[in-house]
Amino acid sequence: MELSKAGSRVEQHAGAVADAVCELVDAVTPSTWSTGAVEDAADAIDMLAEALAAIDPESARILAAVPAATAALRRRLTQTAAEDVAEHVAEAPAPGSGRPRRRGLGPGWKGVPATG
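Visitor: Any chance you could explain the overall build of the protein here in plain terms?
Guide: In terms of regular secondary structure, the protein is built from four helices and zero strands. Each helix and strand of the protein, placed in order from N terminus to C terminus, yields the pattern α-α-α-α. Buried positions account for 7% of the 116 residues belonging to the protein.

Visitor: So what exactly am I meant to see when it comes to the pattern of salt bridges here?
Guide: One side chain can pair with another of opposite charge once the charged atoms of both are near each other. The tally for this structure, following the rule as stated, stands at three salt bridges. Between Asp-43 and Arg-74 there is a salt bridge; the shortest N-O distance is 2.5 Å. Highlighted residues: Asp-43 in helix α2 (residues 35–53) and Arg-74 in helix α4 (residues 66–91), separated in sequence by 31 residues. We classify Asp-43 as partly exposed; its relative accessible area is 35%.

Visitor: Just to check I follow, could you spell out the side chain of Ser-59 for this structure?
Guide: Topologically, Ser-59 is positioned in helix α3 (residues 57–63). Side chain to side chain, Ser-59 and Asp-56 meet in a polar contact 2.7 Å long. If near-sequence neighbours (up to four positions away) are discounted, Ser-59 is found in contact with Met-1, Leu-52 and Ala-53.

Visitor: Which parts of the structure should I look at to understand the confidence of the model for the protein?
Guide: Detailed conclusions should not be drawn from predicted coordinates in areas where pLDDT is low. In the predicted model, the protein carries a mean pLDDT of 82, and the fraction of residues at 70 or more is 71%. The lowest-confidence element of the protein is α4, averaging 80 in pLDDT; the highest-confidence one is α3, averaging 95.

Visitor: Please explain the side chain of Thr-70 as it appears in this structure.
Guide: The topology assignment puts Thr-70 in helix α4. Once you skip the residues sitting within four places of it in the chain, Thr-70 turns out to touch Ala-42, Ile-45 and Asp-46.

Visitor: Would you mind going over a nonpolar patch on the surface with me for this structure?
Guide: A grouping of Met-1, Leu-3, Leu-52 and Ile-55 is seen on the molecular surface, where their side chains present a nonpolar patch of about 430 Å² in accessible area. Looking at where Leu-52 falls in the secondary structure, it is placed in helix α2. A residue is classified by how much of its surface remains accessible, and Leu-52, at 46% relative accessible area, is partly exposed.

Visitor: Could you clarify how one ought to interpret α2 in this entry?
Guide: If you check α2, its first and last C-alpha atoms are 27 Å apart, about what 19 residues at 1.5 Å a residue would give, namely 27 Å. Among the residues of α2, Val-38, Ala-42, Ala-49 and Ala-53 are the ones counted as buried. When α2 is viewed along its axis, its buried side chains cluster within an angular range of 40 degrees and face the same direction. Exposed positions of α2 whose direction lies more than 90 degrees from the buried face are Asp-40, Met-47 and Ala-51.

Calculation criteria
Residues numbered from 1 in each chain as written. Predicted model: local features only at pLDDT ≥ 70, side-chain atom pairs only at ≥ 80, totals over all residues. Heavy atoms only, no water. Helix = DSSP H or I, 4+ residues; strand = E, 2+ residues; numbered from the N terminus. Buried < 20%, exposed > 50% of the residue type's maximum accessible area, 1.4 Å probe, protein only. Salt bridge = Lys/Arg side-chain N within 4 Å of Asp/Glu carboxyl O. Polar contact = N/O pair within 3.5 Å; in protein donor to acceptor, adjacent residues only side chain to side chain. Contact = heavy atoms within 4.5 Å. pLDDT = per-residue confidence, 0-100. Patch = residues over 30% accessible without salt bridge, like charges linked within 9 Å, V, L, I, M, F, W, Y side chains within 5 Å. Areas by Shrake-Rupley, 256 points an atom, 1.4 Å probe, with all protein chains shown as cover. Expected span 1.5 Å × (residues − 1). Arc of directions from axis to C-beta.

Right, here's the structure in full:
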């Protein structure tokens, strides 16, 4: 693969992306990621892979697995979020209707005698 001299804007943007990624790596831990942050990072990976795949057909072939990998990450994120919601729903009390609960008559109640 032979590349020509990059345009100043391309080199400037690529450098800015590399700097931003270094800052992100320095800032994150497994517990600091949010759903939105993971989605944004996966989108960035997809866009970078697409831009690099445009270099030549061999680059495109090498990077062809990236969209499948980020899609798998998004599916895992969705499954984890659904499991978290299911846990919270099971723990949360059922919402009340605002009316007081009806009280039962209790054991041993035989009913009202009929007069006739």
